[in-house]
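Coordinates in review
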Amino acid sequence: MTASEEKFTRQHLLEVETLTPSLFTLRTTRDPGFRFRAGQFARLGVRKASGSIVWRAYSMVSAPHDEFLDFFSIVVPGGEFTSELSRLRPGDELLVDRQAFGYLTLDRFPDGRDLWLLATGTGVAPFVSILQDFEAWERFERIVLVYSAREARELAYQTLIGTLPERDYLQDLRARLTYLPVVTREQVPGMLYGRITTLLPSGELERAADLKLTPEHSRVMLCGNPAMIEETRHLLKAMDMNLSLTRRPGQVAVENYW
Ligand SMILES: Cc1cc2nc3c(=O)[nH]c(=O)nc-3n(C[C@H](O)[C@H](O)[C@H](O)COP(=O)(O)OP(=O)(O)OC[C@H]3O[C@@H](n4cnc5c(N)ncnc54)[C@H](O)[C@@H]3O)c2cc1C
């Protein structure tokens with residue numbers, strides 16, 4: 001089989017940054033033919049010492065217009081994929097499937113005024129991509145990013161998120177971004193304290209964003225821990241906000257990471 005017939009391309013790591021012992025970010029080269037929508041994921045492959053390849057889904061953090069690919073990864077103790085991935089250094093090979101997948105994309109919502117992005121842990125990845133793309137800023141008046149981790153040091157891409165509104169290409173667009181970092185295991189000034197599933201029903205998220213969640217105006221994306229997603233979906237359902245399906249557009253779109 002020739003390289004162009006293979007289902008994947010061979011890319012190389014450009015940068016690796018350790019955030020904590022169990023979290024790191026990586027940047028790789030990008031095949032010019034690899035296309036994706038902000039919010040989608042790729043299948044990444046690493047070769048084990050035995051020669052076999054392990055594949056896992058990873059959301060792109062970088063924007064569809066970037067020349068490189070950024071990813072944000074957990075290290076699962078003993079995890080088959082992340083044990084290998086976390087050993088890679090700049091120059092090492094990473095396999096990337098030729099096709100991007102996933103429906104955590106803005107075309108899930110034909111309408112809406114305010115975009116709420118609710119993430120736990122590495123689940124912030126697709127939202128950082130969405131926030132670096134034009135579309136969300138063109139389509140929505142308000143964007144609220146709620147990003148939850150156990151401790152403040154686990155929150156990635158803080159400078160990137162903080163300086164997004166200053167980017168030239170986003171400045172004249174209409175959306176206003178509200179960033180609400182949330183920590184669950186320590187109290188930090190300027191950050192909300194508690195779980196998303198507590199801060200939502202207590203009204204604290206809406207108060208902090210100074211914005212109401214309503215079926216008419218709000219479109220909500222959830223990404224990360226399946227337990228958070230399941231519980232938040234029920235809370236939103238009780239507020240008349242439902243999963244957006246092709247045959248029946250709604251207010252909510254989700255991506256479970258495991
Ligand atoms: C659509 C999709 C997109 C994904 N995007 C990302 C991403 O951008 N970054 C990322 O780190 N992972 C992401 N994942 C998870 C990823 O595919 C792997 O599960 C992860 O790399 C661990 O692989 P592993 O073989 O080491 O452990 P696995 O055997 O795959 O997982 C073992 C256990 O680790 C826990 N776990 C797995 N992933 C995570 C996680 N991200 N955060 C906390 N606990 C976890 C779960 O309890 C899981 O059962 C995504 C998963 C899906 C389905």
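The following refers to the structure shown.

Rules used throughout
- Residues numbered from 1 in each chain as written.
- Predicted model: local features only at pLDDT ≥ 70, side-chain atom pairs only at ≥ 80, totals over all residues.
- Heavy atoms only, no water.
- Helix = DSSP H or I, 4+ residues; strand = E, 2+ residues; numbered from the N terminus.
- Rg over C-alpha atoms; globule rule 2.2 N^0.38 Å.
- Buried < 20%, exposed > 50% of the residue type's maximum accessible area, 1.4 Å probe, protein only.
- Contact = heavy atoms within 4.5 Å.
- Areas by Shrake-Rupley, 256 points an atom, 1.4 Å probe, with all protein chains shown as cover.
- Lys, Arg positive; Asp, Glu negative; His and termini not counted.
- Charge placed at Lys NZ, Arg CZ, Asp CG, Glu CD.
- Phe/Tyr/Trp six-rings, centres within 6.5 Å; stacked < 30°, edge-to-face > 60°.
- Lys NZ or Arg CZ within 6 Å of the ring centre and 35° of its normal.
- Near = heavy atom within 4 Å.
- Polar contact = N/O pair within 3.5 Å; in protein donor to acceptor, adjacent residues only side chain to side chain.
- Patch = residues over 30% accessible without salt bridge, like charges linked within 9 Å, V, L, I, M, F, W, Y side chains within 5 Å.
- Salt bridge = Lys/Arg side-chain N within 4 Å of Asp/Glu carboxyl O.
- Expected span 1.5 Å × (residues − 1).
- Arc of directions from axis to C-beta.

1. Thoughts on the overall build of the protein
When helices and strands are tallied, the protein shows eight helices and twelve strands. Computed over C-alpha atoms, the radius of gyration of the protein comes to 18 Å, within 12% of the 18 Å expected from 2.2 N^0.38 for 258 residues, which places it in the range of a compact globule. The principal-axis extents of the C-alpha atoms in the protein amount to approximately 55 × 40 × 35 Å. Across the 258 residues in the protein, those meeting the buried criterion constitute 49%. Within the protein, contacts between residues separated by at least 24 positions form 72% of all contacts whose residues are at least 6 apart in sequence. As presented, the protein carries roughly 12,600 Å² of accessible surface, and 49% of it is formed by carbon and sulfur atoms. Looking at the protein, you have 31 positive and 34 negative side-chain charges, and the mean spots of the two groups are 5 Å apart.

2. What to know about the packing of aromatic side chains
All told, the structure shown has seven aromatic pairs when counted by the stated rule. An angle of 35° between the planes, with centres 5.8 Å apart, marks the rings of F34 and F36 as tilted. Both residues of the pair, F34 and F36, belong to the buried class. A centroid spacing of 5.7 Å and a plane angle of 85° characterise the contact between F72 and Y157, whose relative ring orientation is edge-to-face. Of this pair, F72 sits in strand 5 (residues 68-74) while Y157 sits in the loop between strand 8 (142-149) and helix 4 (158-163), placing them 85 residues apart in sequence. Neither F72 nor Y157 differs from the other in exposure class; each is buried. Feature note: the residues Y58, F71 and F81 constitute an aromatic cluster, connected by ring pairs. A cation sits over an aromatic face here: R27 above F68, 3.7 Å from the ring centre.

3. Thoughts on the site of the ligand
By nearness alone, 19 residues border the ligand, and A57, Y58, F72, T82 and T122 come closest of all. Within the backbone of I74, one N or O atom sits 3.0 Å away from an oxygen atom of the ligand. Within the contact set of the ligand, a nitrogen atom lies 2.8 Å away from a side-chain nitrogen or oxygen of T122. With four residues, strand 4 (residues 53-59) is the single largest residue contributor to the shell around the ligand.

4. Quick word on unusual backbone geometry
Phi is positive for D210, close to 55°, though the residue is something other than glycine. By the element assignment, D210 lies in the loop between helix 7 (204-209) and strand 11 (218-224). A positive phi angle, close to 70°, is found at D240, a residue other than glycine. Along the chain, the position of D240 falls in the loop between helix 8 (226-237) and strand 12 (252-256).

5. Some words on a positive patch on the surface
Side chains of R233, K237, R247 and R248 sit close together on the surface and give a patch of like positive charge. Within the secondary structure, R248 is located in the loop between helix 8 and strand 12. R248 sits in the partly exposed class, given a relative accessible area of 45%.

6. Remarks on helix 8
Owing to its 3.6 residues per turn, the α-helix aligns residues three or four sequence positions apart on the same side. An ideal rise of 1.5 Å per residue puts 16 Å on twelve residues; helix 8 measures up with 16 Å between its terminal C-alpha atoms. Within the span of helix 8, buried status applies to P226, M228, I229, T232 and L236. Down the axis of helix 8, the sector holding all buried residues measures 150°, keeping them to one side. Across helix 8 from its buried face, at more than 90 degrees, point the exposed residues A227 and K237. Residue N225 occupies the N-cap position of helix 8, its side-chain oxygen lying 2.7 Å from the main-chain nitrogen of A227.

Interpretation in functional terms is not warranted from these geometric data alone.
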